[in-house]
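# Fold and contact review
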Amino acid sequence: MAIQTQSSRASGPARVGLAAGDPEIASLLSRDRERHNHTLNFIASENYASPGRARGARLAPQRQVRARATRVRYYQGVGLVDDVETLAIERAKQLFGAEHANVQPHSGSTANQAAYYALLSLGDTVLGMDLSHGGHLTHGSPASFSGQQFTFVSYHLKADDETIDYDEVARLAREHRPKMIVAGASAYSRIIDWAAFRRIADEVGAYFLADMAHIAGLVAAGVHPSPVPHADVVTTTTHKSLRGPRGGLILCRAAHAKAIDRAVFPMLQGGPILGAVAARAVCFREAMQPEFVVYAQQIVDNARALANGLIAGGLQVVAGGTDNHLLVVKLLDRAYTGATLANALERAGIITSKSTVPGETRSPRQTSGVRFGTPAVTTRGVTAAQLGRVAELIVEVAEDPDDEARLGRINGKIREIAAELEQI
Ligand code: DSN
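Residues numbered from 1 in each chain as written. Predicted model: local features only at pLDDT ≥ 70, side-chain atom pairs only at ≥ 80, totals over all residues. Heavy atoms only, no water.

Let us look at the sheet that holds strand S15 (residues 369-373). With antiparallel pairing, the four strands of this open sheet are ordered in space as S11-S12-S15-S14. With partners counted over all chains shown, the strands left at the sheet margins are strand S11 (316-317) and strand S14 (353-355), one partner each. Relative to S15, strand S12 (residues 326-330) runs antiparallel, the two sharing five bridges. Pairing of Leu326 across the sheet is with Gly373, part of S15. Sheet strands in contact with helix H12 (residues 290-312) are S11, S12 and S15, and its direction is about 15 degrees off that of S12. (Pairing = 2+ DSSP bridges. Helix = DSSP H or I, 4+ residues; strand = E, 2+ residues; numbered from the N terminus. Contact = heavy atoms within 4.5 Å. Axes fitted to C-alpha atoms, helices over the stretch in contact; angles between N-to-C directions.)

Strand pairing in a sheet is mediated by backbone hydrogen bonds. Such pairs are either parallel or antiparallel. Overall, mixed pairing links the seven strands, which are arranged S4-S10-S9-S8-S7-S5-S6 in an open sheet. Unpaired on one side and paired on the other, strand S4 (100-102) and strand S6 (151-155) mark the two borders of the sheet. In this sheet, neighbouring strand axes are inclined to one another by 20 degrees on average, regardless of whether the strands run parallel or antiparallel. Here strand S5 (residues 125-129) runs beside S6; their pairing, made up of five bridges, is parallel. Opposite Gly128, over in S6, you have Ser154 as the bridge partner. Strand contacts of helix H7 (residues 166-176): S5, S6 and strand S7 (180-183), with the helix running at about 150 degrees to S6, the strand carrying the most contacts.

Moving on, we come to the site of the ligand. In the neighbourhood of the ligand, the contacting residues comprise Ser45, His136, Ser186, His214, Lys240 and Arg371. The side chain of Arg371 places a nitrogen or oxygen atom 2.8 Å from an oxygen atom of the ligand. Relative to its unbound accessible area of 230 Å², the ligand is 65% covered by the protein chains. The site holding the ligand turns out to be the largest pocket. By residue class, the composition of the shell around the ligand is no nonpolar, four polar and two charged. (Near = heavy atom within 4 Å. Polar contact = N/O pair within 3.5 Å; in protein donor to acceptor, adjacent residues only side chain to side chain. Areas by Shrake-Rupley, 256 points an atom, 1.4 Å probe, with all protein chains shown as cover. 1 Å grid on protein atoms, 1.4 Å probe; cavity = no way out; pocket = protein on both sides within 12 Å on 5 of 7 lines; lining within 4 Å. Sits in = over half its atoms within 2 Å of the grid points. Nonpolar A, V, L, I, M, F, W, Y, C, P; charged D, E, K, R; others polar.)

Moving on, we come to the packing of aromatic side chains. For any pair of aromatic rings, geometry is given as the distance between the ring centres together with the angle between the planes. Summed over all chains, the structure comprises ten aromatic pairs. Centre to centre, the rings of Phe292 and Tyr295 are 5.5 Å apart; their planes meet at 55 degrees, and the pair counts as tilted. Separated by three residues within a single helix, Phe292 and Tyr295 lie in helix H12, roughly one turn from each other. What makes Tyr295 buried here is its relative accessible area of 7%. In textbook terms, an aromatic cluster arises when at least three aromatic residues are bridged by ring pairs, as seen for Tyr116, Tyr117, Phe145, Phe150 and Phe152. Note that Arg243 overlies the ring of Tyr295, its terminal NZ or CZ placed 3.9 Å from the centroid. (Phe/Tyr/Trp six-rings, centres within 6.5 Å; stacked < 30°, edge-to-face > 60°. Buried < 20%, exposed > 50% of the residue type's maximum accessible area, 1.4 Å probe, protein only. Lys NZ or Arg CZ within 6 Å of the ring centre and 35° of its normal.)

This part is about the confidence of the model for the protein chain. Averaged over the protein chain, the pLDDT score is 92; the fraction of residues at 70 or greater is 90%. Looking over the protein chain, one finds the lowest element-wise mean pLDDT in strand S2 (residues 68-69), namely 50, and the highest in strand S8 (residues 207-211), namely 99. Predicted confidence is poor over residues 4-13, with pLDDT under 50, and the contacts of this stretch with residues over four places away or in other chains come to 24 contacts. Between residues 61-67, whose pLDDT stays under 50, and residues either more than four places distant or in other chains, the model counts 22 contacts. (pLDDT = per-residue confidence, 0-100.)

Further remarks concern the pattern of salt bridges. Side chains that differ in charge, positive against negative, can pair when their charged atoms come close. The tally for this structure, following the rule as stated, stands at 18 salt bridges. With a shortest N-O distance of 2.8 Å, Lys330 and Glu162 are connected by a salt bridge. Of this pair, Lys330 sits in strand S12 while Glu162 sits in the loop between S6 and H7, and the two are 168 residues apart along the sequence. Each member of the pair, Lys330 together with Glu162, is buried. (Salt bridge = Lys/Arg side-chain N within 4 Å of Asp/Glu carboxyl O.)

Moving on to the nonpolar core. In this structure, Phe96, Tyr155, Ile164, Phe197, Leu242 and Leu251 are the most contacted members of the largest nonpolar core, which totals 62 residues. In this view, Leu242 contacts Leu95, Phe96, Ala216, Gly217, Ala220, Thr237, Cys283, Phe284, Ala287 and Phe292; residues no more than four positions away in its chain are not counted. Leu310, Val370, Phe372 and Val397 belong to the second-largest nonpolar core, a separate cluster that totals 35 residues. (Core = buried A, V, L, I, M, F, W, Y, C linked by side-chain atoms within 4.5 Å.)

Right, here's the structure in full:
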């Protein structure tokens, strides 16, 4: 299987052209490709697109400027690209069993923004998961438009087993009477009980928005329950576990279709990025194939193998393990920070991201956690057995992140494992 990254999509003749026309950029992209090949990418929100999806993005007519609201034309000569978008919409609806889809959002953040603008008024109260417990910036962080334009109230994980505290969600909902409840996360490793959120939303008359950006591929494959039957609106990105092009997607009930479409265009965006829409259509079709189910199950099996290896090596993992594509190592018991460990791991060839954890005591720049995700390494064909070896090496790094000689030795071993995998 040939794999292409976002950075390597200009392959074939286009790449030759780039090397001749802009050698500086061509060299940087080529070096980044090399970096991917001799390291292991555990960024939970990243993946490698297939050539089919990359080709879809490249072939679409980038010159077309096409602002479009459903069934409303602002430009002539767009019939065939409308067909591309219609196909993407139909495939998204089929893949996820949704009544309506909008395939235009440029990102997951924009998808959330559109959903809020569609259903809320500025200042409305919304419940969302606390950022340091695994939520996303757009779920009410004061640093994001969400926290500045709406009145977010945060719910948390339970102190004992670090799973979502549904009792707290219900209590906060009764107390604050939110207009919307947001579920979904950037760093939560357990199954989300969408039906529980729906019941709480119904009790207080709130809308229910499920942000499945991280787990969309698992949902598509049926290895995580789907929020679509339960939520008013489901938002996602297409480039994480779904393994498509970088971008966003909104699914919703038919009753919200008009409001969602208007919030995407003309409220938030101008013309869609047609190449990305075409590539999304390819992605949705690929996610319907039996091989994708095997891939998604392997993501979860790999994350479990990694978590088990880390726990066996004495590291603490938030919620005690994982049911999905990611896990967060908790360093509250260590003298060093998440930033220190993530930097040391990078020097060893293991690419991760620092992460805040429940009970966080350090700043968001330092943190007390490191997040690991398996979608990208699984695309490269890594096995649970190889991840067992990687877990041992991570444990060695965590024993002394300042030991440069040790990091150099581990880097050699990671290069050997990376060389056993599919090259991008
Ligand atoms: N939410 C970011 C992450 O999880 O890395 C990506 O949008």
